[in-house]
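Descriptive structure summary
The lines below spell out each chain.
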Amino acid sequence: MNYSWNWGVLLQPTGIGDSTYLNWIMTGLGWLAVIAIVAWSIAMLLGSLLGIMRTLPSPTARAIGSAYVTIFRNVPLLIQLFIWFYVVPNFLPNSIQSWWINDLGANTTALISASIGLGLFTAARVCEQVRTGIEAIPPGQINAGYAMGFSTTQLYRYVILPQSFRMILPPLSSELTNCVKNTSVASLVGVAELISQMKTISEYTQNTIEIYTYVTLIFILINVCLIGLMNFLEKRLQVPGLIVGTK
């Protein structure tokens, strides 16, 4: 194998100004963080709402939640991103469409599309975690709440949700790391995030193995830190006698 190893490739100048390839990696890491934060925020807010809807007494609310999950969980993420980036803008009002195409930069529109697409895709998965957590609450607690005169809103606010969200922290950890890893798909709609920068540097330097190794280590480090944070929250918020709690 005639391969020239160069583990210091990230410190080499790019030939564009004073930047090095490490600067490109850091830029991609910044875009990755923006997509992950926006997408996870959408996923948690929408997914929690849908998860609650799927457990309400209202058949209409349950049907809406079920329809959302059925659609968004069964359409590949890549197709959803393409729809949000290439298709949806064509159906916007003319004024918004003009602003979207002419005023916003290509990377900005790709960033927004990727964040929305990833957020909506992950929301369907979060919805199922929230639904499972709510349904894991012992029925006796719910019946006791109604017997004490709680309304459905009060029951969810004071009894069901505080316990269910604590119980689903372990599966939410997996969804959070999946959300971060899935940001890599955003490179296919033009976002200059970490994977996109990795491909560019690899083409410029031909040090493919080194670049891919560095990016792999970055993803491992990010997700290990996130898992550590979620494990810390699990221990601090555990409910004795429930899934993450002690007896």
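Everything numeric here is computed off the predicted structure, so don't read it as measured data.

1. Comments concerning a nonpolar patch on the surface
Residues Leu78, Ile79, Phe82, Ile83, Tyr86, Val87, Phe91 and Leu188 make up a contiguous nonpolar surface patch of roughly 740 Å² in combined accessible area. Examined against the element boundaries, leucine 78 turns out to sit in helix α3 (residues 77-87). Residue leucine 78 is classed as partly exposed on the basis of its relative accessible area, which comes to 32%.

2. Some details on the pattern of salt bridges
Going through the model one piece at a time under the given rule, you end up with five salt bridges. Here arginine 54 ties to glutamate 128 by a salt bridge, and the two come within 2.3 Å at their closest N and O atoms. Taken together, the positions of arginine 54 in the loop between α1 (21-53) and α2 (59-74) and glutamate 128 in helix α5 (residues 106-135) put the pair 74 residues apart, joining distant regions of the chain. A salt bridge links glutamate 128 to arginine 131, with the nearest nitrogen and oxygen atoms 3.0 Å apart. Within this pair, glutamate 128 and its partner arginine 131 are both found in helix α5, separated by three residues, close to a single helical turn. Overall, the relative accessible area of 18% leaves arginine 131 in the buried class. Here the salt bridges share partners, and the residues they tie into one network are Arg54, Arg73, Glu128, Arg131 and Glu135.

3. Details of the nonpolar core
Val191 and Val215 are the most contacted members of the largest nonpolar core, which has 59 residues in total. Broken down by secondary-structure element, the contributors of at least two residues to this core are α1, α2, α3, α5, α7 (152-167), α8 (169-182), α9 (194-205) and α10 (208-237). When residues no more than four places from it in sequence are discounted, the contact partners of valine 215 are Ile25, Leu194, Ile195 and Met198.

4. Re the UniProt feature "transmembrane region" (unreviewed entry) in the chain
The UniProt record marks residues 29-53, 65-87, 99-121 and 211-233 with the feature "transmembrane region" (unreviewed entry), using the residue numbering of this structure. Split by type, residues 29-53 is 100% helix and 0% strand. Its first and last C-alpha atoms lie 35 Å apart. Measuring from the first to the last C-alpha atom of residues 211-233 gives 33 Å, for a span that is 100% helix and 0% strand.

5. A short note on the packing of aromatic side chains
The relative placement of two aromatic rings is captured by the distance of their centres and the angle of their planes. One pass over the structure, following the stated rule, counts seven aromatic pairs. Ring geometry for tyrosine 21 and tryptophan 24: centres 5.4 Å apart, planes at 90°, overall edge-to-face. A residue pair is termed a helical-turn pair when its members lie 3 or 4 positions apart in one helix, as tyrosine 21 and tryptophan 24 do in helix α1 at three residues. Of the two residues, tyrosine 21 and tryptophan 24, both sit in the buried class. For the ring pair tryptophan 24 and tyrosine 204, a centre distance of 5.4 Å and an interplane angle of 80° mean the geometry is edge-to-face.

Conventions adopted
- Residues numbered from 1 in each chain as written.
- Predicted model: local features only at pLDDT ≥ 70, side-chain atom pairs only at ≥ 80, totals over all residues.
- Heavy atoms only, no water.
- Patch = residues over 30% accessible without salt bridge, like charges linked within 9 Å, V, L, I, M, F, W, Y side chains within 5 Å.
- Areas by Shrake-Rupley, 256 points an atom, 1.4 Å probe, with all protein chains shown as cover.
- Salt bridge = Lys/Arg side-chain N within 4 Å of Asp/Glu carboxyl O.
- Helix = DSSP H or I, 4+ residues; strand = E, 2+ residues; numbered from the N terminus.
- Buried < 20%, exposed > 50% of the residue type's maximum accessible area, 1.4 Å probe, protein only.
- Core = buried A, V, L, I, M, F, W, Y, C linked by side-chain atoms within 4.5 Å.
- Contact = heavy atoms within 4.5 Å.
- UniProt positions renumbered as here; feature names shortened; annotations may be inferred.
- Phe/Tyr/Trp six-rings, centres within 6.5 Å; stacked < 30°, edge-to-face > 60°.

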